[in-house]
Number of protein chains: 2
Amino acid sequence: MLIDGLQCGDFRREIFESLRAGGFTCVTNTVEFWGGAINSLDAIADWLDKERANSDLMMICRNVADIHTADKTGKVGVLLGFQNSGMFEGRIRYPELFAQLGVRVAQLTYNIQNDIGGSCYEPHDSGLTRFGREIIGEMNKYGMMVDCSHVGEKTTLDAIEASSKPIAVTHANAGSLMPHFRNKSDTVLKALAESGGIMGLAIYPNITPKEACDSVDGWAEMMARTVDIMGLEHVGVGTDAGHYVGTPELDWMRQGRWTRSDQYGAGAKDRALMPPPPKWLPDISKMGLLPAALERRGFSQEEIHLLTAGNWLRVYEANFG
Amino acid sequence: MLIDGLQCGDFRREIFESLRAGGFTCVTNTVEFWGGAINSLDAIADWLDKERANSDLMMICRNVADIHTADKTGKVGVLLGFQNSGMFEGRIRYPELFAQLGVRVAQLTYNIQNDIGGSCYEPHDSGLTRFGREIIGEMNKYGMMVDCSHVGEKTTLDAIEASSKPIAVTHANAGSLMPHFRNKSDTVLKALAESGGIMGLAIYPNITPKEACDSVDGWAEMMARTVDIMGLEHVGVGTDAGHYVGTPELDWMRQGRWTRSDQYGAGAKDRALMPPPPKWLPDISKMGLLPAALERRGFSQEEIHLLTAGNWLRVYEANFG
């Protein structure tokens, strides 16, 4: 099994074929970045259409049993996830509704502050707000996992404390291995581990050490070093792979509708464009190289299972088993 | 002339009659507390209907010349104002659109944090966000005055600094005279005055000293003491009078859609209900008692004009003259 905590972009039929070729059992998608409730309903409806059109290749998973079904039937499972909380529209009763629609993962903030808390890119992180604390309570109650990947340090630590279920950083790396706003301090990693949570490690070049982009063994080494920080049971895969993400899509992710200024997200002014894919992963189907690399790094088959799928399954089970 | 920086509630025809009897030249209403863009469009459309239905009594003012027209024709002018920024829906381009629709005042946050900044009730005030800074730029550009009445201290100070136009605290009191989350520190009052801004003093009993609720002379005394802090040119009237505000309306203001918990706003658990009106102001038409009280307190006619109207006109002129 191979579970990926986050991908984004345009999941065309070819992508499901590549994901199947890469051995992916289940992938959390990005239903929306900036959408409000109506945009999000439309985007969920698009995914239901997509499931009907590709039912031989993929299925939407609503619980852990569905992920096992995807595995057994050789389909790519998709967990519906959001990289922002705009679909809640500031309403405490909407996590229940979006959970009923199958949404299983929601990131508290994307790249800017909202009514829930602060983003990793905000100069000053507010921490979790009163509304944010209540929203997490609802997400816990109705089976929607909290994601803090783009969330600020203080808000992330508050969320770990506030959540009665283990939370995830679905797509980031250890800041001590690759310093970046988007990556997480050892303080966060340890708090996440202590609370039973998980971090999915990314391959997105802007936030991933060069060695981990250059070879699958380098990426396995990064995973091993993250295990040294967090422990074996708290590390997983969260590639942040983006399908058909070109400049317009990147501009949308970064600028959305919130600014008239140029924003570079995880990039920078002198590297504003979408970076080329990691050398070892020209397309997502090459992800199948990972288990062998982890084996070469010295992990047992049981440990490899935890790192590539088992840890996600444990956290999913706790949230929406 | 008498200009009131903020009122709220249900402006029925009788209210316009009372406002006219009270000598009000112009009142900023509360188009919305919690609405998003569509709710806000509907609420603005309701006000256009209201203007047609009461055209003998009131008119919507879009600029300072309109306020003078209201004065000359004996109508109550209404400035369209919002106590929150939900109508922007996180979009940098919406201040321009809502300004075209006649909106002249917008409070950056109501009682909870949003994408712009922190509220006075939030345990931790984020300060003005990157989006907040850009939104203020747009408001400045398109003639919408920034209101920081319910906004947190840090965000208010940041907004004063960020705005190229003088800003307002439309309805609050000096915290040094009446300690309360909703009232403003001398630091804020002085920064506001230095930047050419204004604070409208409230009569809402939860945030107003007892003596200022008990008699119009007590209220004039509070105004005089606020002038001592801020200077004569930076104090105005901002009653925060609420028309037909009962328990359901108060619950809506306080709880909105953001919480399942009880919230008391400017009240408290043991005084959760709408407080009775100030003794000297059983209805808004008694506001006409104010100029004489200010005269008794020793203000000249010219000074009284500044305090009851002129200071607002100066700030309005700077924002949307």
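How each quantity is defined
Residues numbered from 1 in each chain as written. Chains lettered and ligands numbered in written order. Predicted model: local features only at pLDDT ≥ 70, side-chain atom pairs only at ≥ 80, totals over all residues. Heavy atoms only, no water. Least-squares fit on C-alpha atoms with pLDDT ≥ 70 in both. Contact = heavy atoms within 4.5 Å. Buried < 20%, exposed > 50% of the residue type's maximum accessible area, 1.4 Å probe, protein only. Helix = DSSP H or I, 4+ residues; strand = E, 2+ residues; numbered from the N terminus. Pairing = 2+ DSSP bridges. Phe/Tyr/Trp six-rings, centres within 6.5 Å; stacked < 30°, edge-to-face > 60°. Axes fitted to C-alpha atoms, helices over the stretch in contact; angles between N-to-C directions. Parallel < 35°, antiparallel > 145°, perpendicular 65-115°, else oblique. Left-handed = near helix turned anticlockwise from the far one by under 90°. Nonpolar A, V, L, I, M, F, W, Y, C, P; charged D, E, K, R; others polar. Expected span 1.5 Å × (residues − 1). Arc of directions from axis to C-beta. Lys, Arg positive; Asp, Glu negative; His and termini not counted. Salt bridge = Lys/Arg side-chain N within 4 Å of Asp/Glu carboxyl O. Polar contact = N/O pair within 3.5 Å; in protein donor to acceptor, adjacent residues only side chain to side chain. 1 Å grid on protein atoms, 1.4 Å probe; cavity = no way out; pocket = protein on both sides within 12 Å on 5 of 7 lines; lining within 4 Å. Points joined across faces, edges and corners; volume = space filled by probe spheres on them. Disulfide = S-S within 2.5 Å. Buried area = accessible area lost by both parts, 1.4 Å probe.

J.: Teacher, can you tell me more about the relation of the copies chain B and chain A here?
T.: Aligned on chain A, chain B shows an RMSD of 0.0 Å; the corresponding rotation is 180 degrees and the shift along the axis is 0.0 Å. The symmetry that links the two subunits is that of a two-fold axis. Taken together, the interface assignments show that 100% of the residues at the interface of chain B recur at the interface of chain A, consistent with an identical surface on both copies.

J.: Explanation requested: the pairing of strand β5 (residues 76-82) of chain B in the structure shown.
T.: Both faces of the sheet carry side chains from a regular strand, because those side chains alternate between them. Residues and elements named next belong to chain B. Among the seven residues of β5, seven are classified as buried, and the element is accordingly described as predominantly covered. Residues Val76, Val78, Leu80 and Phe82 point to one face of β5 and Gly77, Leu79 and Gly81 to the other, with burial holding for every one of them. Relative to β5, strand β3 (residues 26-28) runs parallel, the two being bridged by three bridges. Pairing of cysteine 26 across the sheet is with glycine 77, part of β5.

J.: Looking at this model, I keep getting lost on the packing of aromatic side chains. Mind explaining?
T.: Any two aromatic rings considered together are summarised by their centre-to-centre distance and by the angle between their planes. Residue and element names in this part refer to chain A. Scanning the model with the defined rule gives 22 aromatic pairs over all chains in all. Centre to centre, the rings of tyrosine 94 and phenylalanine 98 are 6.3 Å apart; their planes meet at 55 degrees, and the pair counts as tilted. In this pair, tyrosine 94 and phenylalanine 98 are both assigned in helix α4 (residues 94-100), four residues apart and thus about one turn of the helix distant. When its relative accessible area of 3% is taken as the criterion, phenylalanine 98 is described as buried. Ring pairing ties together the aromatic residues Phe11, Phe16 and Trp47, which thus form one cluster.

J.: I'm lost on the packing of helix α6 (residues 153-162) of chain A against helix α7 (residues 186-194) of chain A in this one. Help?
T.: Residues and elements named next belong to chain A. In contact at an axis separation of 10 Å, α6 and α7 are set at 15 degrees when each is read in the N-to-C sense. The angle between α6 and α7 places the two elements in the roughly parallel class. Crossing angle aside, the handedness with which α6 passes α7 is left-handed. Residues Glu153, Thr156, Leu157 and Ile160 of α6 pack against Thr187, Val188, Ala191 and Leu192 of α7. The class makeup of the residues in the contact of α6 with α7 is five nonpolar, two polar and one charged.

J.: How should helix α2 (residues 37-53) of chain B be read in this particular structure?
T.: All names here are of chain B. Here α2 is 17 residues long and its end C-alpha atoms lie 24 Å apart, about the 24 Å a rise of 1.5 Å per residue gives. Among all positions of α2, only Ala37, Ser40, Ala43, Ile44, Trp47 and Lys50 are buried. The arc that holds the buried residues of α2, viewed along the axis, is 135 degrees, so those residues lie on one side. Of the exposed residues in α2, those oriented more than 90 degrees away from the buried face are Ile38, Arg52 and Ala53. At its buried positions, α2 is contacted by α1 (13-21), β4 (58-61), β5, α4 (94-100) and β6 (103-107).

J.: Got a minute to help me understand the side chain of B:Asp147 in this structure?
T.: All names here are of chain B. Along the chain, aspartate 147 turns up in strand β7 (residues 145-147). Here aspartate 147 sits buried without a salt bridge, and the closest side chain of opposite charge, lysine 184, lies 7.6 Å off (N-O distance). Here the side chain of aspartate 147 touches serine 149 through a polar contact of 2.7 Å, side chain to side chain. Not counting the four nearest positions on each side in its chain, aspartate 147 is found in contact with Val105, Ala106, Gln107, Leu108, Ala168, Val169, Thr170 and His171.

J.: Looking at this structure, how should I read helix α5 (residues 130-142) of chain A?
T.: In an α-helix there are 3.6 residues to a turn, and that puts residues three or four apart on one side. Residues and elements named next belong to chain A. With 13 residues, α5 extends 19 Å from end C-alpha to end C-alpha; this agrees with the ideal 18 Å at 1.5 Å per step. Residues of α5 that are buried: Phe131, Gly132, Glu134, Ile135, Ile136, Glu138, Met139 and Asn140. Residues of α5 that are buried make contact with α4, β6 (103-107), β7 (145-147) and α6. Positive phi appears at glycine 143, one or two residues downstream of α5, with a value of about 80 degrees.

J.: What's the story with unusual backbone geometry in this structure? I'm lost.
T.: Among all residues save glycine, negative phi is the norm, and among peptide bonds the norm is trans. All names here are of chain A. Despite not being glycine, tyrosine 244 shows a phi value in the positive range, around 55 degrees. In this fold, tyrosine 244 is placed in the loop between β11 (241-243) and α10 (247-255). For tyrosine 244, a relative accessible area of 37% translates into the label partly exposed.

J.: What exactly am I supposed to notice about the layout of surface pockets here?
T.: Unoccupied space between atoms shows up once a probe the size of one water molecule is rolled over them. Looking at the largest pocket, its volume works out to about 1100 Å³. At the level of secondary structure, the elements contributing two or more residues to the lining of the largest pocket comprise α2 (37-53) of chain A together with α2 of chain B. In terms of residue class, the lining of the largest pocket is made up of 15 nonpolar, 18 polar and eight charged. The computed volume of the second largest pocket comes to approximately 430 Å³.

J.: Would you mind going over the state of the cysteines with me for this structure?
T.: Working definition: the covalent bond between the sulfur atoms of two cysteines is a disulfide. In the structure shown here, the tally under the stated rule is zero disulfides over all chains. In this structure A:Cys148 is not part of a disulfide, and its nearest cysteine sulfur, from A:Cys120, lies 11 Å away. Residue A:Cys148 is classed as buried on the basis of its relative accessible area of 0%. The cysteine B:Cys26 is free of any disulfide, with B:Cys61 supplying the nearest cysteine sulfur at 4.5 Å.

J.: Please clarify how the environment of B:Trp258 should be interpreted in this entry.
T.: Along the polypeptide, B:Trp258 turns up in the loop between α10 (247-255) and α11 (290-296). Residues B:Trp258 and B:Ile112 lie 146 residues apart in sequence; the distance between their C-alpha atoms is 8.8 Å. The contacts of B:Trp258, once residues within four sequence positions are left out, are A:Gly90, A:Ile92, A:Arg130, A:Phe131, A:Glu134, B:Trp34, B:Ile112 and B:Gln263. Within the structure, B:Trp258 has its side chain in polar contact with the backbone oxygen of B:Arg254 (distance 3.1 Å).

J.: Where do I start with the interface of chain B and chain A in this structure?
T.: With 31 residues of chain B at the interface, the matching set in chain A holds 31 residues. Of the roughly 2600 Å² buried between chain B and chain A, counting both surfaces, carbon and sulfur atoms make up 43%. Sorting the residues of chain B by area buried against chain A places B:Arg130, B:Trp258 and B:Arg260 first, and these three jointly supply 29% of that buried surface. The tally of links from chain B across to chain A stands at six salt bridges. Residue A:Glu122 pairs with B:Arg130 through a salt bridge whose shortest N-O separation is 3.4 Å. For the pair chain B and chain A, the interface holds 19 residue pairs in polar contact (both at pLDDT 80 or more). Residue contributions to the side of chain B that touches chain A peak at five residues, all from helix α5 (residues 130-142) of chain B. Partitioned by chemical class, the residues of the side of chain B that touches chain A number seven nonpolar, 12 polar and 12 charged.

J.: Quick question: what am I supposed to make of the side chain of B:Arg91 here?
T.: Counting through the fold element by element, B:Arg91 comes out in the loop between β5 and α4. The charged side chain of B:Arg91 is buried without a salt bridge, its nearest counter-charge being B:Glu89 at 4.2 Å. At a separation of 2.8 Å, a polar atom in the side chain of B:Arg91 contacts the main-chain carbonyl oxygen of B:Glu89. Discounting chain neighbours no more than four positions away, the residues touching B:Arg91 are A:Asn39, A:Arg257, B:Phe131 and B:Ile135.

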